[in-house]
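# Understanding the architecture of this molecule
Chain residues, written in single-letter form:
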Amino acid sequence: MSNNLLAGKVGIISGALNEDSIAWKVALKAHAEGARFVLTNAPLAMRMGEINKLSEQCNAPIIPADATSMEDLEKLFSGAQEQLGGKLDFVLHSIGMSANIRKGKHYGELNYEWFQKTLDVSALSFHKMLAVAEKQDALNEWGSVVGLSYIAAQRAFLDYTDMSQAKAVLESIARSYGQRLGKLKKVRVNTISQSPTKTTAGTGISGFDAFYEYANKLSPLGNAPAEACADYCISLFSDLTRYVTMQNLMHDGGFSTTGISEEIVEAITASMSQNS
């Protein structure tokens, strides 16, 4: 059901690869709520994904951009304003990549060139987007920028390796740029720390299925699905959250504040009984 929360608003949505992507679901929700927007992704990701299908569904133009390239981002933001007829009201940063994870590198044997690439793609691209938006004065007052994060920015998780540092940097950028853009243009900048989600990137992490089930058993509400994360993004793009900024917002069914659950106790007790 649409409430027209984004009627008249325009923006940029990055990172939609296929129907499993959170960004894909955000685009569908934004379209349903009355927004117009430009879709963007790296040229390689666009060749691998199905973004043209989403473009047709949402009547949204596509502007390819490598988010690590200032030149590409300048073309993206200027092109988006041209396509949409004015300054932007919202931007979604849903970008992450780790060659170390893809190639199964353990934390003690990281390839440092790949590590730097992880930081550039997954975190510094957020700063670059915001810097270009500031230089072009591309954001309307009371605009909203959202980046997607994960609790591994605060806690140690096996096999998340260098993406943990990338998410920590991402969240720090949101705070620092949130302060800056808040003073300059009343623009708010936040990150959402989402439950483990069965996206193409998420399921590529070793042991993902086991951790997904663990988080689901620990969280009082269960894992938050991608569709619910999209709803949360829409609320942050809307005028209902005008004074929420510089926050890392947990969207995880209560996982981040739960010590142990009955389901985990039962699972451990059953395992101990089998091994005794």
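Here goes a summary of the coordinates provided. (Residues numbered from 1 in each chain as written. Predicted model: local features only at pLDDT ≥ 70, side-chain atom pairs only at ≥ 80, totals over all residues. Heavy atoms only, no water.)

A word on the overall build of the chain. Helix and strand content of the chain: 10 helices and 6 strands. Compactness check: the chain gives a C-alpha radius of gyration of 19 Å against a globular reference of 19 Å for 276 residues, within 12% of the reference. Expressed along its principal axes, the backbone C-alpha trace of the chain runs to roughly 70 × 45 × 40 Å. For the chain, the proportion of contacts with a sequence separation of at least 24, taken over those separated by at least 6, is 76%. When the accessible area of the chain is evaluated, it comes to approximately 13,200 Å², of which 52% is carbon and sulfur surface. The averaged location of the 29 negative side-chain charges in the chain is 6 Å from the averaged location of its 25 positive side-chain charges. (Helix = DSSP H or I, 4+ residues; strand = E, 2+ residues; numbered from the N terminus. Rg over C-alpha atoms; globule rule 2.2 N^0.38 Å. Contact = heavy atoms within 4.5 Å. Areas by Shrake-Rupley, 256 points an atom, 1.4 Å probe, with all protein chains shown as cover. Lys, Arg positive; Asp, Glu negative; His and termini not counted. Charge placed at Lys NZ, Arg CZ, Asp CG, Glu CD.)

In contact at an axis separation of 9 Å, helix α6 (residues 112–135) and helix α7 (residues 161–185) are set at 10° when each is read in the N-to-C sense. On the basis of the axis angle, α6 is roughly parallel to α7. Residues Trp114, Phe115, Thr118, Leu119, Ser122, Ala123, Leu124, Phe126, His127, Leu130, Ala131 and Glu134 of α6 pack against Asp162, Met163, Gln165, Ala166, Val169, Leu170, Ile173, Ala174, Tyr177, Arg180, Leu181 and Leu184 of α7. Across the contact of α6 with α7, the residue classes tally to 17 nonpolar, 4 polar and 3 charged. (Axes fitted to C-alpha atoms, helices over the stretch in contact; angles between N-to-C directions. Parallel < 35°, antiparallel > 145°, perpendicular 65-115°, else oblique. Nonpolar A, V, L, I, M, F, W, Y, C, P; charged D, E, K, R; others polar.)

What follows covers the side chain of Lys25. Mapped onto the fold, Lys25 is located in helix α1 (residues 22–32). On the basis of relative accessible area, Lys25 is assigned to the buried category, the value being 17%. Not counting chain neighbours up to four residues away, the residues in contact with Lys25 comprise Glu19, Asp20, Ala226, Glu227 and Ala230. (Buried < 20%, exposed > 50% of the residue type's maximum accessible area, 1.4 Å probe, protein only.)

Let us now look at α6. At Leu124, α6 shows its maximal kink, close to 50°. The distance from a side-chain oxygen at the start of α6 to the backbone nitrogen of Glu113 is 3.0 Å, and the residue carrying that oxygen is Asn111. (Bend = angle between axes of the 7 residues up to and from the residue. Polar contact = N/O pair within 3.5 Å; in protein donor to acceptor, adjacent residues only side chain to side chain.)

Turning to its location among the elements, Ser195 is positioned in the loop between β5 (188–194) and α8 (208–218). In this structure Ser195 comes out as buried when scored by relative accessible area, which is 4%. Among all residues touching Ser195, those that are not within four sequence positions of it are Tyr150, Asn223, Ala224, His251, Asp252 and Gly253. A polar side-chain atom of Ser195 sits 3.0 Å from the main-chain amide nitrogen of Ala224.

On to the nonpolar core, then. Within the largest apolar cluster, 32 residues are counted, with the highest numbers of intra-cluster contacts made by Leu76, Phe77, Leu88, Phe126, Leu130, Leu139 and Val145. Of all elements in the fold, only β1 (10–14), α4 (70–84), β3 (88–93), α6, β4 (139–149) and α7 reach the threshold of two or more residues within this core. Setting aside anything within four residues of it in sequence, one finds Phe77 in contact with Ile12, Leu88, Val91, Met129, Val132, Ala133, Gln136 and Ala138. Counting 30 residues, the second-largest nonpolar core is a separate cluster that includes Ala16, Ile51, Phe90 and Ala230. (Core = buried A, V, L, I, M, F, W, Y, C linked by side-chain atoms within 4.5 Å.)

Here the focus is the pattern of salt bridges. Enumeration over the complete set of coordinates arrives at 10 salt bridges. Between Lys87 and Asp137 there is a salt bridge, with its nearest N and O atoms 2.9 Å apart. With Lys87 in the loop between α4 and β3 and Asp137 in the loop between α6 and β4, the pair connects residues that are 50 residues apart, well separated along the chain. Note on Lys87: relative accessible area 32%, which makes it partly exposed. Since its relative accessible area comes to 33%, Asp137 is described here as partly exposed. We note a salt bridge from Lys185 to Asp137, for which the minimum N-O separation is 2.7 Å. Remark: Asp137 occurs in the loop between α6 and β4 and Lys185 occurs in helix α7; sequence separation between them is 48 residues. When its relative accessible area of 18% is taken as the criterion, Lys185 is described as buried. In the salt-bridge network here, residues are joined through shared partners; they are Lys9, Asp239 and Arg242. (Salt bridge = Lys/Arg side-chain N within 4 Å of Asp/Glu carboxyl O.)

Next up on the list: a nonpolar patch on the surface. Together, Ile260, Val265, Ile268 and Met272 line one region of the surface with nonpolar side chains, adding up to about 380 Å² of accessible area. Judged by its relative accessible area of 43%, Ile268 is partly exposed. (Patch = residues over 30% accessible without salt bridge, like charges linked within 9 Å, V, L, I, M, F, W, Y side chains within 5 Å.)

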